[in-house]
Amino acid sequence: MEVVLLPTPEDCGRVVADAVVGSVLPALARGGPVVLGLATGSSPLLAYRELLRRHREEGLDLTGVQAFLLDEYVGLPAGHPESYREVIRRELTDALGLDPAVVHGPDGAAADPLQAARDYEQQLLAAGPVVVQVLGIGSNGHVGFNEPGSSLASRTRVKTLTEQTRADNARFFGGDVEAVPRHVITQGLGTILGAEHLVLVATGEGKAAAVAAAVEGPLTASCPGSVLQLHPHVTLVVDEAAGNRLERADHHRYVLAHKLASQGW
Ligand code: F6R
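Everything quoted here is computed from the prediction, not taken from an experiment.

**A look at the sheet that holds strand 8 (residues 183-186)**
With antiparallel pairing, the 3 strands of this open sheet are ordered in space as 4-8-7. The open sheet has two edge strands, strand 4 (71-73) and strand 7 (157-160), and neither has a second partner. Neighbour-to-neighbour, the strand axes of this sheet turn through a mean angle of 30°, independent of strand direction. Strands strand 7 and strand 8 of the sheet are contacted by helix 4 (residues 113-127), whose axis makes an angle of about 125° with strand 7.

**So, the sheet that holds strand 2 (residues 34-38)**
Spatially, 1-10-9-6-2-3-5 is the arrangement adopted by the 7 strands of the open sheet, whose pairing is parallel. With one partner strand each, in any of the chains shown, strand 1 (2-6) and strand 5 (103-104) form the two edges of the open sheet. Of the pairings in the sheet, the one linking strand 2 to strand 3 (residues 65-69) comprises 5 bridges and is parallel in character. Along strand 3, the bridge assignment pairs Val35 with Gln66.

**Let's talk about the UniProt feature "domain: Glucosamine/galactosamine-6-phosphate isomerase" (unreviewed entry) in the protein chain**
The sites that carry the UniProt feature "domain: Glucosamine/galactosamine-6-phosphate isomerase" (unreviewed entry) are, in the present numbering, residues 8-229. For the annotated span residues 8-229, helix accounts for 37% and strand for 15% of the residues, and the straight-line distance between the end C-alpha atoms is 25 Å.

**Thoughts on the nonpolar core**
By size, the foremost hydrophobic cluster in this structure holds 79 residues, and its most contacted members are Val24 and Tyr48. If sequence neighbours within four positions are ignored, Tyr48 has contacts with Leu38, Ala39, Ile88, Glu91, Leu92 and Val134.

**Here's the deal with the packing of helix 1 (residues 9-30) against helix 2 (residues 45-58)**
Two elements in contact, helix 1 and helix 2, have axes separated by 7 Å at closest approach and are oriented at 60°. Classified by the interaxial angle, the pair formed by helix 1 and helix 2 is oblique. By crossing handedness, the relation of helix 1 to helix 2 is classed as right-handed. The residues of helix 2 that touch helix 1, namely those facing Pro9, Glu10, Gly13, Arg14, Val16, Ala17, Asp18, Val20 and Val21, are Leu46, Ala47, Glu50, Leu51 and Arg54. Considered class by class, the residues forming the contact of helix 1 with helix 2 number 8 nonpolar, 1 polar and 5 charged.

**A few points about the site of the ligand**
Taken together, 14 residues surround the ligand, and among them Ser43, Asp71, His142, Gly144 and Lys207 come closest. The separation between an oxygen atom of the ligand and a polar side-chain atom of Arg171 is 2.8 Å. Bound to the protein, the ligand loses 95% of the 410 Å² it would expose on its own. Classifying every residue of the shell around the ligand by side-chain character gives 3 nonpolar, 8 polar and 3 charged.

The rules we used
- Counting starts from 1 at the beginning of each chain's written sequence and moves along it residue by residue.
- Reporting in this predicted model follows two pLDDT cut-offs: at least 70 for local features of residues, and 80 or more for side-chain atom pairs to be given and counted; totals over whole chains, interfaces and linings ignore these cut-offs and use all residues.
- Think of the side-chain values as coming from all heavy atoms in the structure, minus any hydrogens and water.
- Here, strands pair whenever DSSP counts at least two bridges between them.
- Under the DSSP-based scheme used, a helix requires at least four consecutive residues in state H or I and a strand at least two consecutive residues in state E, with every element numbered from the N terminus.
- Note on geometry: axes are C-alpha line fits, over the in-contact stretch for helices, and angles between N-to-C directions span 0 to 180 degrees.
- Whether two residues are in contact is decided by their heavy atoms, any of which lying within 4.5 Å being enough.
- UniProt positions are given in the numbering used here, feature names are shortened, and annotations may be inferred rather than shown by experiment.
- Residues belong to a common nonpolar core when they are buried Ala, Val, Leu, Ile, Met, Phe, Trp, Tyr or Cys residues joined through side-chain atoms within 4.5 Å.
- Note on exposure labels: buried denotes an accessible area under 20% of the residue type's maximum, exposed denotes more than 50%, and partly exposed covers the range between, all computed with a 1.4 Å probe on protein chains only.
- Angle categories are assigned with fixed cut-offs, so that under 35 degrees is roughly parallel, over 145 is roughly antiparallel, 65 to 115 is roughly perpendicular, and the rest are oblique.
- With the far helix as reference, a near helix turned anticlockwise by less than a right angle produces a left-handed crossing, and one turned clockwise produces a right-handed crossing.
- Polarity classes work like this: nonpolar for Ala, Val, Leu, Ile, Met, Phe, Trp, Tyr, Cys and Pro, charged for Asp, Glu, Lys and Arg, and polar for all others, with Gly in that last group.
- By convention in this text, a residue qualifies as near a molecule or strand provided that one of its non-hydrogen atoms is within 4 Å of it.
- Counting of polar contacts relies on pairs of N or O atoms within 3.5 Å, with two restrictions inside protein: one atom must be capable of donating a hydrogen and the other of accepting it, and residues adjacent in sequence are counted only when both atoms are side-chain atoms.
- Method for areas: the Shrake-Rupley scheme with a 1.4 Å probe, in which residue coverage is limited to the protein chains shown.

Put into structure tokens, the structure is as follows:
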């Protein structure tokens, strides 16, 4: 796992954008559909803004990408402003010029969410592999919405959010915890491991314990983020605040300072 410790969240956004572009553009150049995995939440927003800036100012063109979301709330009507499909449309894909038809997410409004989860897993397997998957991490170590205790081999399914996650996400619902759905459809940890490149971004002191547990703790369902230790190509991008509990922080800084140009992300 490559741990990239950077001074500011803005620096993290640039490196995440570099990593995404570095995986997606060569895949587009090879032809064929290219699947880009997207997370929602606050963590990737600066990276998404950087991708938009490059689109506007530098001609970055992601035409040909199929975007797949990590997760979706169950029970929000289609078009609800906090449904993840709407959030990603608003924050990224519309302004990138991607047709809504190439932006896919679990159907959280389906009458049968269990079946919708199975259908999404099949849709993703048929379209994949995911060339690069953007990830955040919850303050309790969740990845996607695989809360602590989730099987490390899990596939896309319905999960129940912890009260902590609902409280963390209440800020998107005007501070009203009760407005945050209790259930989600989320890619499983096994599903996420199927992506070719995982790029996890975490910023702020509130993520420091989860980052340290994921990187340096044991492989355990108690910290779902630790499953990243099993993946051969992980770029974990953290600012100094989110990395401040990493015992090997000095080594990570040293590795970054001496990175070979040919190593890429
Ligand atoms: C979002 C997702 C979640 C978030 C995590 C961190 O699609 O899957 O795992 O990445 O809850 O959320 P933020 O970035 O808002 O702190």
